[in-house]
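Read off the chains here:
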Amino acid sequence: LRINIKPGVSDGQLLRIRGKGAKRFGHNYDGDLYVRVKVGGHPLFTRKGDDIYINRQIDLVTAVLGGEIIQETPDSKIKLKIEPGTQHGKILRVKGKGMPVYDKPGHKGDLFVQLELRLPEKLSPKQREIFEQLKYTI
């Protein structure tokens, strides 16, 4: 039996397929078949309802000065603007880049990108000097 599943189906959702179940005793029609859907996880995204979430590392320079990053979505790549002075843990919301809404063609949830500040592990002597100078001005 081939079943067409609409986009946006969620884990544990029960689908009813009319007329594909067992023959009903004393009736001229077949019963219904119920299928419980199991949706696998994704290595990058976490799904909550129709919205998806991802953690994204950004470097110190981009967090301090601002800039742009290229972010993967389930079906494309997009540019996200990072404002100067962006703090660790800030969440960016991108409307309409989440999961399709079940049984509502053309509607999608949102993508939430939580920014994680990635600090340099090793500094060159010049970088260390710059940070030492900054230490007394901040």
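The residue numbers shown here count from 1 along each chain, following its written sequence. Per-residue local features of the predicted model are confined to residues with pLDDT of at least 70, and side-chain atom pairs are confined, for both listing and counting, to 80 or more; whole-chain, interface and lining totals are unaffected and use all residues. Side-chain measures here rest on the full set of heavy atoms in the structure, leaving out hydrogens and waters.

(A) View of the overall build of the chain. Of regular secondary structure, the chain possesses two helices and eight strands. Ordered by position from the N terminus, the helices and strands of the chain form the series β-β-β-β-α-β-β-β-β-α. For this measure, only C-alpha atoms enter the radius of gyration; the expected value for a globule follows 2.2 Å times N^0.38, where N is the number of residues. Relative to the globule expectation of 14 Å for 138 residues, the C-alpha radius of gyration of the chain, 24 Å, shows a markedly less compact shape. Along the longest, intermediate and shortest principal axes, the C-alpha atoms of the chain span 90 × 25 × 20 Å. Three exposure classes are used, based on accessible area relative to the maximum for each residue type with a 1.4 Å probe and protein chains only: buried under 20%, partly exposed in between, and exposed over 50%. Counting only residues that meet the buried cut, the chain has 22% of its 138 residues in that class. Working rule for contacts: check all heavy atoms of both residues, and any pair within 4.5 Å makes them a contact. Considering only contacts within the chain whose residues lie at least 6 apart along the sequence, 44% involve residues at least 24 apart. Only the protein chains shown count as cover for residues, and the accessible areas themselves come from Shrake-Rupley with a 1.4 Å probe. Carbon and sulfur atoms make up 52% of the accessible area of the chain, which totals about 10600 Å². Helix and strand assignments follow DSSP, with helices taken as H or I runs no shorter than four residues and strands as E runs no shorter than two, numbered in order from the N terminus.

(B) Fine view of unusual backbone geometry. Even without a glycine there, the phi angle at Asp103 is positive, about 65°. Relative to the helices and strands, Asp103 resides in the loop between strand S7 (91-94) and strand S8 (111-118). Look at Asp103 and you get partly exposed, because its relative accessible area is 48%.

(C) Structural detail: the side chain of Thr73. Looking at the element boundaries, Thr73 is found in the loop between strand S5 (67-72) and strand S6 (77-82). The exposure class of Thr73 is buried, given its relative accessible area of 3%. Setting aside its immediate chain neighbours within four residues, Thr73 contacts Phe45, Ile78, Lys97 and Leu111.

(D) Examining the packing of aromatic side chains more closely. Classification of ring pairs rests on two measures: the distance between centres of Phe, Tyr or Trp rings, Trp counted by its six-membered ring, which must be within 6.5 Å, and the angle between planes, read as stacked under 30 degrees, edge-to-face over 60 and tilted in between. All chains considered together, the criterion is met by one aromatic pair. Centroid distance Tyr53 to Phe112: 4.9 Å. Interplanar angle 15°. Geometry classified as stacked. Remark: Phe112 occurs in strand S8 and Tyr53 occurs in strand S4 (residues 51-59); sequence separation between them is 59 residues. According to the relative accessible area criterion, Tyr53 is partly exposed, its value standing at 29%. The class for Phe112 is buried, based on a relative accessible area of 16%.

(E) Geometry of the pairing of S7. Covered by surrounding structure in S7 are Leu92 and Val94 only, the residues Ile91 and Arg93 on the alternate face being uncovered. DSSP bridges decide pairing: two strands pair if at least two such bridges lie between them. Strand direction decides the pairing type here: S7 and S8, joined by four bridges, are antiparallel. Bridge pairing in S8 links Leu92 to Val113.

(F) Main features of the sheet that holds S4. In space, the four strands of this open sheet follow the order S3-S4-S8-S7, with mixed pairing throughout. Of all the strands in the sheet, the pair left with one neighbour each is strand S3 (46-48) and S7. Within this sheet the neighbouring strands show an average axis-to-axis angle of 30°, counted without direction. Pairing geometry for S4 and S8, over eight bridges, is parallel. Bridge pairing links Arg56 to Leu115 in S8. For helices, the fitted line uses only the C-alpha atoms of the stretch in contact; every axis is such a line through C-alpha atoms, and the angle between N-to-C directions lies from 0 to 180 degrees.

(G) Looking closely at the nonpolar core. Counting residues in hydrophobic clusters, the biggest one holds 14 residues, and the most contacted among them are Leu80, Leu111, Val113 and Leu115. In this structure Leu111 touches Phe45, Ile52, Ile54, Gln71, Thr73, Ile78, Leu92, Arg93, Val94, Lys97 and Gly98, once residues within four positions along its chain are discounted. Here the nonpolar core consists of buried residues drawn from Ala, Val, Leu, Ile, Met, Phe, Trp, Tyr and Cys, with membership extended through side-chain atoms lying within 4.5 Å.

(H) Region of interest: a nonpolar patch on the surface. To count toward a patch, a residue needs a relative accessible area above 30% and no salt bridge. Like charges then connect within 9 Å, nonpolar side chains (Val, Leu, Ile, Met, Phe, Trp, Tyr) within 5 Å. A pair is scored as a salt bridge if a Lys or Arg side-chain nitrogen falls within 4 Å of a carboxyl oxygen belonging to Asp or Glu. A cluster of nonpolar residues, Leu123, Ile130, Phe131, Leu134 and Ile138, forms a patch on the protein surface that exposes about 480 Å² of accessible area. Within the fold, Leu123 resides in the loop between S8 and helix H2 (125-135). The exposure class assigned to Leu123 is partly exposed, which follows from its relative accessible area of 36%.

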